[in-house]
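For reference, the chains in residue letters:
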Amino acid sequence: MYCEIHPFTLGVDPALAALRALRPTGIVLSGGPSSVYDPGAPTISPAVFELGVPILGICYGAQLTAHLLGGDVQPAARREYGRAAVRIKQASGVFRTCQAGEELSVWASHGDRVAALPPGFVHTAESDNCTMSGFAFAERRIHCVQFHPEVVHTPRGAELLGNWLFGICNAAGDWSMAAFVDEAVARIRRQVGSSGRVICGLSGGVDSSVAAALLHRAIGDRLTCIFVDNGLLRRGEREQVAAIFLDHFKVDLRVVDAEQRFLGALADVTDPEAKRKTIGREFIAVFDDQARQIAGAGFLAQGTLYPDVIESVSFKGPSAVIKSHHNVGGLPERMKLALVEPLRELFKDEVRQLGLELGLPRHMVWRQPFPGPGLAVRCLGHLTRQRLDVLRAADAIIEEEIRAAGLYESIWQSFGVLLPVRSVGVMGDARTYEEALALRAVHSRDGMTADWVPLPYELLGRISSRVINEVRGINRVVYDITSKPPGTIEWE
């Protein structure tokens, strides 16, 4: 399905004319962090429900639908965050492939509830903590769920969305990633023009690699890739990136050694937001320096994804600012480069599909995500070369053991976090007082939600034993079993 994400203001006059002009097959009202009664809470005109277009309300979108059409929304006595069990009361509409009385495992994230349905709506699903987990007005083709079918942690979520798309919207389902490639290439060429030159911030991760491949498809040798060694990389990262992109892409790749610059700027920075913003500032400054050395460079390309944007700023609709991302937020005015972000509205699973479509090798496409700020957000507290080297050594062991267990591709991310917490230990009958490492492994599909992985005890034991025995500076390993939400994947 071809989809577009728009702000809620498209559903308010005078933008309603533009909404009608889109002639949508269906409209999804998404989740969000507000309560419908909050001052300034996002809302739409009730006229949206009179367009005759199928509507699916998810979480906040369901509450807003009930609120606008005459129902009652109240704070819930018991909130639902994480896994929940929903019982089907009416096997129709979104639930047409289910059976009445059947119980579905879903992912919920809400503190309000629909206490009374609007006129004409029927009750379609419930959970122990939320009576109105599903409700619908079939004749008007309005369906609502008080959980998130769009996340991987709702196992039958895609099936429920398919019921709405193909059973209610009568959608064709004939869009493909190949079509996105054609659209993106055309869009890049329009933006860059026939002679524009682009420099691409290449980290070697999936996002920037796919962005580079897409740009190369669009503009060929007018692309220059710049790899910045900021001292916050994993072991061997610099060498791997140089080998892959010089051999595979045959592009103009320039490697910048900026370790001292970054670590100097971060020497006294411990606050997570300040770390990210400092790294972003230095990142832009380095590219500013490099741009001056590349004749005709007029554009800077980044592998920014939609989750980065959602968590950093309210790009397309109101979302809580969760954390700043080093490549989001705009360029300084002094920089004479326009920004090209060809992946800005894609999620990670879509980026992987795009990478395969572009012909990238599988081992590159299925590399686990690595944060833009690198190990800076996994080395909590003060950043020093010594602490980063300790974390690098532990991280290499974790990856080696996860790969040896055959779990690397099935896990979204697995990594270590060096904690500024010391504990007493005993090694060789001697007292130690060293730092702790938190091991983190999560399942996800797009990075927006995640659940911890129940790694085998034997694997946890091997990782712990190797880290403590082989890495000087760590004498304790703990395992993080927090989902997202309420936590984030990274600790900072």
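A. Quick look at the overall build of the protein chain. A tally of regular secondary structure across the protein chain gives 13 helices and 16 strands. Here the C-alpha atoms of the protein chain give a radius of gyration of 24 Å, agreeing with the 23 Å that 2.2 N^0.38 yields for 492 residues. Taken along the three principal axes of its C-alpha coordinates, the protein chain extends 70 × 65 × 40 Å. Sequence-distant contacts, at least 24 apart, represent 72% of the contacts inside the protein chain between residues at least 6 apart. Per element, the accessible surface of the protein chain, about 21,700 Å² overall, is 51% carbon and sulfur. Counting 52 positive and 56 negative side-chain charges, the protein chain places the averaged centre of each group 2 Å from the other.

B. Up close: the sheet that holds strand 8 (residues 197–201). Across the sheet, which stays open at both edges, the 5 strands sit in the order 10-9-8-11-12 with parallel pairing between neighbours. Each edge of the open sheet carries a strand with a single partner, namely strand 10 (252–257) and strand 12 (338–340). The sheet shows a mean angle of 30° between the axes of neighbouring strands, direction not considered.

C. Structural detail: the sheet that holds strand 7 (residues 142–145). One open sheet holds the 7 strands; their spatial order is 1-2-7-6-5-3-4, and the pairing between them is mixed. A single partner strand is all that each edge strand has here, and the edge strands are strand 1 (27–29) and strand 4 (103–116). On average, each strand axis in the sheet is inclined to that of its neighbour by 20°, with strand direction left out of account. Against the sheet, helix 3 (residues 157–168) engages strand 1, strand 2 (55–58), strand 4 and strand 7, with an angle of about 165° to strand 2.

D. Fine view of the packing of helix 12 (residues 385–404) against helix 13 (residues 457–470). At their nearest, the axes of helix 12 and helix 13 sit 10 Å apart, and the two run at 150° to each other. Here helix 12 lies roughly antiparallel to helix 13, going by the angle between them. Remark: the crossing between helix 12 and helix 13 carries right-handed chirality. Taking contact as the criterion, the partners of Ala394, Ile397, Ile398, Glu400, Glu401 and Ile402 in helix 12 are, on helix 13, Leu459, Arg462, Ile463, Arg466, Val467 and Glu470.

E. Seen up close, the side chain of arginine 367. The topology assignment puts arginine 367 in the loop between helix 11 (362–365) and helix 12. By relative accessible area, arginine 367 is classed as buried at 14%. Dropping the residues within four chain positions of it, arginine 367 is found in contact with Gly204, Val206, Arg234, Glu237, Gln240, Arg352 and Tyr408.

F. Focus on the environment of threonine 124. Positionally, threonine 124 belongs in strand 5 (residues 122–127). Residues contacting threonine 124, with those up to four places away along its chain left out, are Arg87, Ile88, Lys89, Gln90, Phe95, Gly134, Phe135 and Ala136. A distance of 3.0 Å separates a polar atom in the side chain of threonine 124 from the backbone nitrogen of phenylalanine 135.

Thresholds applied
Residues numbered from 1 in each chain as written. Predicted model: local features only at pLDDT ≥ 70, side-chain atom pairs only at ≥ 80, totals over all residues. Heavy atoms only, no water. Helix = DSSP H or I, 4+ residues; strand = E, 2+ residues; numbered from the N terminus. Rg over C-alpha atoms; globule rule 2.2 N^0.38 Å. Contact = heavy atoms within 4.5 Å. Areas by Shrake-Rupley, 256 points an atom, 1.4 Å probe, with all protein chains shown as cover. Lys, Arg positive; Asp, Glu negative; His and termini not counted. Charge placed at Lys NZ, Arg CZ, Asp CG, Glu CD. Pairing = 2+ DSSP bridges. Axes fitted to C-alpha atoms, helices over the stretch in contact; angles between N-to-C directions. Parallel < 35°, antiparallel > 145°, perpendicular 65-115°, else oblique. Left-handed = near helix turned anticlockwise from the far one by under 90°. Buried < 20%, exposed > 50% of the residue type's maximum accessible area, 1.4 Å probe, protein only. Polar contact = N/O pair within 3.5 Å; in protein donor to acceptor, adjacent residues only side chain to side chain.

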